[in-house]
Amino acid sequence: MPIRWRLTAFNALAIGAILTVLGFALFFLLRETLISSVEDAARDRAFAAARSINIGEGLEEEDGRLVLDDDLVDAIAFDGVFIVVRDADGNIIAQTIGIPAGRASEDEVWRTALEADNPAYGTVEFSEEGLDYVYAVPVSPSEGGPARVVEAGKSYLPAEENVRDIAIVLASGIAAAFLFSVAGAYLLARAAMSPVGAVVEAARRITEGDLSKRLPVARENDEIGGLTSTINVMLSRLEGAFARLEETLARQRRFAADASHELRTPLTSINGYAEVLDEWGLEDPVVAPESVAAIRRESERMMLMVEDLLTLTRGDEDNPMSFSHGDLGEVVGEAVDAARAAASGKVAIEYATPNGGMEAVFDRERIRQAVTILLDNAVKYTPEGGSVSVEAKDLGESVAMTVSDTGIGIPEGDLDRVFERFYRVDEARSEAGAGLGLAIARQISDAHGAHIKAESERGRGSMFTLVLPKEPEAASGG
Ligand code: ADP
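Residues numbered from 1 in each chain as written. Predicted model: local features only at pLDDT ≥ 70, side-chain atom pairs only at ≥ 80, totals over all residues. Heavy atoms only, no water.

### Overview of the packing of helix H8 (residues 328–343) against helix H9 (residues 364–380)
- Between H8 and H9, the least distance of the axes is 9 Å, while the angle of their chain directions is 40°. Classed by the angle they form, the pair H8 and H9 counts as oblique. Once H8 is placed against H9, the crossing between them reads as right-handed. Contacts between H8 and H9 involve Leu328, Glu330, Val331, Val332, Glu334, Ala335, Val336, Ala339 and Ala343 on the former and, on the latter, Arg364, Ile367, Arg368, Val371, Thr372, Leu375 and Val379.
- Looking at the contact of H8 with H9 residue by residue, the class counts come to eleven nonpolar, one polar and four charged. (Axes fitted to C-alpha atoms, helices over the stretch in contact; angles between N-to-C directions. Helix = DSSP H or I, 4+ residues; strand = E, 2+ residues; numbered from the N terminus. Parallel < 35°, antiparallel > 145°, perpendicular 65-115°, else oblique. Left-handed = near helix turned anticlockwise from the far one by under 90°. Contact = heavy atoms within 4.5 Å. Nonpolar A, V, L, I, M, F, W, Y, C, P; charged D, E, K, R; others polar.)

### Focus: the site of the ligand
- Around the ligand sit 20 residues, and of these Asn377, Tyr381, Asp405, Gly435 and Leu438 come closest.
- Between the ligand and the protein, one listed contact pairs an oxygen atom with a side-chain N or O atom of Tyr381 at 2.8 Å.
- A distance of 3.3 Å separates an oxygen atom of the ligand from a polar atom in the backbone of Gly437.
- Protein contact buries 97% of the 530 Å² of open area that the ligand shows by itself.
- Of all the elements in the fold, those that place two or more residues in the shell around the ligand are H9, helix H10 (437–447) and strand S14 (461–469).
- Top contributing element to the shell around the ligand by residue count: H9, with three residues.
- Its residues assigned to classes, the shell around the ligand shows ten nonpolar, six polar and four charged. (Near = heavy atom within 4 Å. Polar contact = N/O pair within 3.5 Å; in protein donor to acceptor, adjacent residues only side chain to side chain. Areas by Shrake-Rupley, 256 points an atom, 1.4 Å probe, with all protein chains shown as cover.)

### Here's the deal with a nonpolar patch on the surface
- A surface patch of nonpolar side chains, amounting to about 460 Å² of accessible area, comprises Met234, Leu238, Phe242, Leu245 and Leu249.
- Looking at where Leu245 falls in the secondary structure, it is placed in helix H6 (residues 223–279). (Patch = residues over 30% accessible without salt bridge, like charges linked within 9 Å, V, L, I, M, F, W, Y side chains within 5 Å. Salt bridge = Lys/Arg side-chain N within 4 Å of Asp/Glu carboxyl O.)

### Considering a negative patch on the surface
- Taken together, the side chains of Glu57, Glu62, Asp63, Asp70, Asp71 and Asp74 make up a negatively charged region of the molecular surface.
- The dominant element in the negative patch, judged by the number of residues it contributes, is helix H2 (residues 70–76), at three residues.
- Within the secondary structure, Glu57 is located in the loop between helix H1 (3–54) and strand S1 (59–62). (Lys, Arg positive; Asp, Glu negative; His and termini not counted. Charge placed at Lys NZ, Arg CZ, Asp CG, Glu CD.)

### Here we look at helix H5 (residues 157–207)
- Over its 51 residues, H5 runs 73 Å from end to end, which matches the ideal 75 Å to within 8%, given 1.5 Å per residue.
- Of all bends in H5, the biggest is about 35°, found at Met193, and the proline Pro195 comes one to four residues later.
- Residues of H5 that are buried: Ala159, Val163, Leu170, Val182, Ala185, Tyr186, Ala189, Pro195, Val199, Ala202 and Ile206.
- The elements touched by buried residues of H5 are H1 and H6.
- Remark: Gly209 follows H5 within two positions and exhibits a positive phi of approximately 130°. (Expected span 1.5 Å × (residues − 1). Bend = angle between axes of the 7 residues up to and from the residue. Buried < 20%, exposed > 50% of the residue type's maximum accessible area, 1.4 Å probe, protein only.)

Structure representation (structure tokens):
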């Protein structure tokens, strides 16, 4: 059963029970009040009449028989109350109503009062229209006379009619209140539950695959609003996580495709030379050594590339860094010495050794590898006779090193992309490698929380800067 129906049913039961109990209580209370007002009136008037008759003021003689005094009648026989005066045998001496002779004998209350010499009461059926309440008080008039008991009575009928009217009004009021509150409860429950329907519908659409959709938030401040807002936050995070996952997968696919593509070029060439040798080149004194040299060159290139690829993927697997205190100036010095030897005079490499103060926490091997990549590139992309200058600086919180060259430079549009894997500015550049060096350098820099950037002017030279924090977070965070 839907929640809104359950809420409505519960409300209906609770309200119905409360209204019924209250209705009955009210009904009995009112009925009691009305009935006892009839009895109180009869009793009070009976005593009042008895008092008047006892002091000789209640009865007077008229045309030889006793009648009730007009003043007394005015004072007590109103509002449906009637008075009957009887003698010792119960014969009616005077009365304010005309009780039929047959009916008068129905009354036994006077007898009880007379016999006990005490007031008595009871119900009598004087007419067809219902019961009358009768209260009898014995009297003994001071002036003498036959009067021995006075009765005051009142019909229950008007009170009962009132009770019936009240019952009808109460019942219809309760029924209306019940229907009204149940309808109200249903509408309220439906209004409260309506955002849930929208949320379920939206959630279904999202489950079908569209993570960019959000659940509708009808009212920010109620419970359902809070729930949907929380789910929306969760969806945003899920969407972000999925996007990142897809990006990583796409990057890996691209990487694998690029790597295979890059490896195919030297392999094709090796295969070509091998075929030549196989078919006819082995016997050719010129072609044979040329082909062998080419095969060696290409396979060396492949080996270097495979090594670079391994370095990159190992970095991807979070190969732990081995951080230690060291002097960046010193590491740069070692890399410069090696580069000078490799350049063998093609370009001049200048490095002014800093006077200490270059202490930082880093992975010595990896930083030297990054610096070496920058130096190799500078030498590689600077024509003979050019120069490369290296600088190391203390920046307070961090240490920095720059490699500037007077080489061919990098076009503005390519500057941001040179750090991407397999990205090469100009495929036709004879010196170009696989385009992995700077990607490795940036990966090392990222692992240190460092920053690496390239500036360049085409035809004039380039400058690469590596800024290394002295205390990388990765080192302290374990
Ligand atoms: P590669 O092995 O091709 O040098 P890198 O990732 O080291 O790969 O460099 C990416 C590209 O950036 C290079 O192909 C080259 O075109 C350009 N480049 C890098 N360093 C320099 C430099 N100092 N001067 C000019 N171009 C550079």
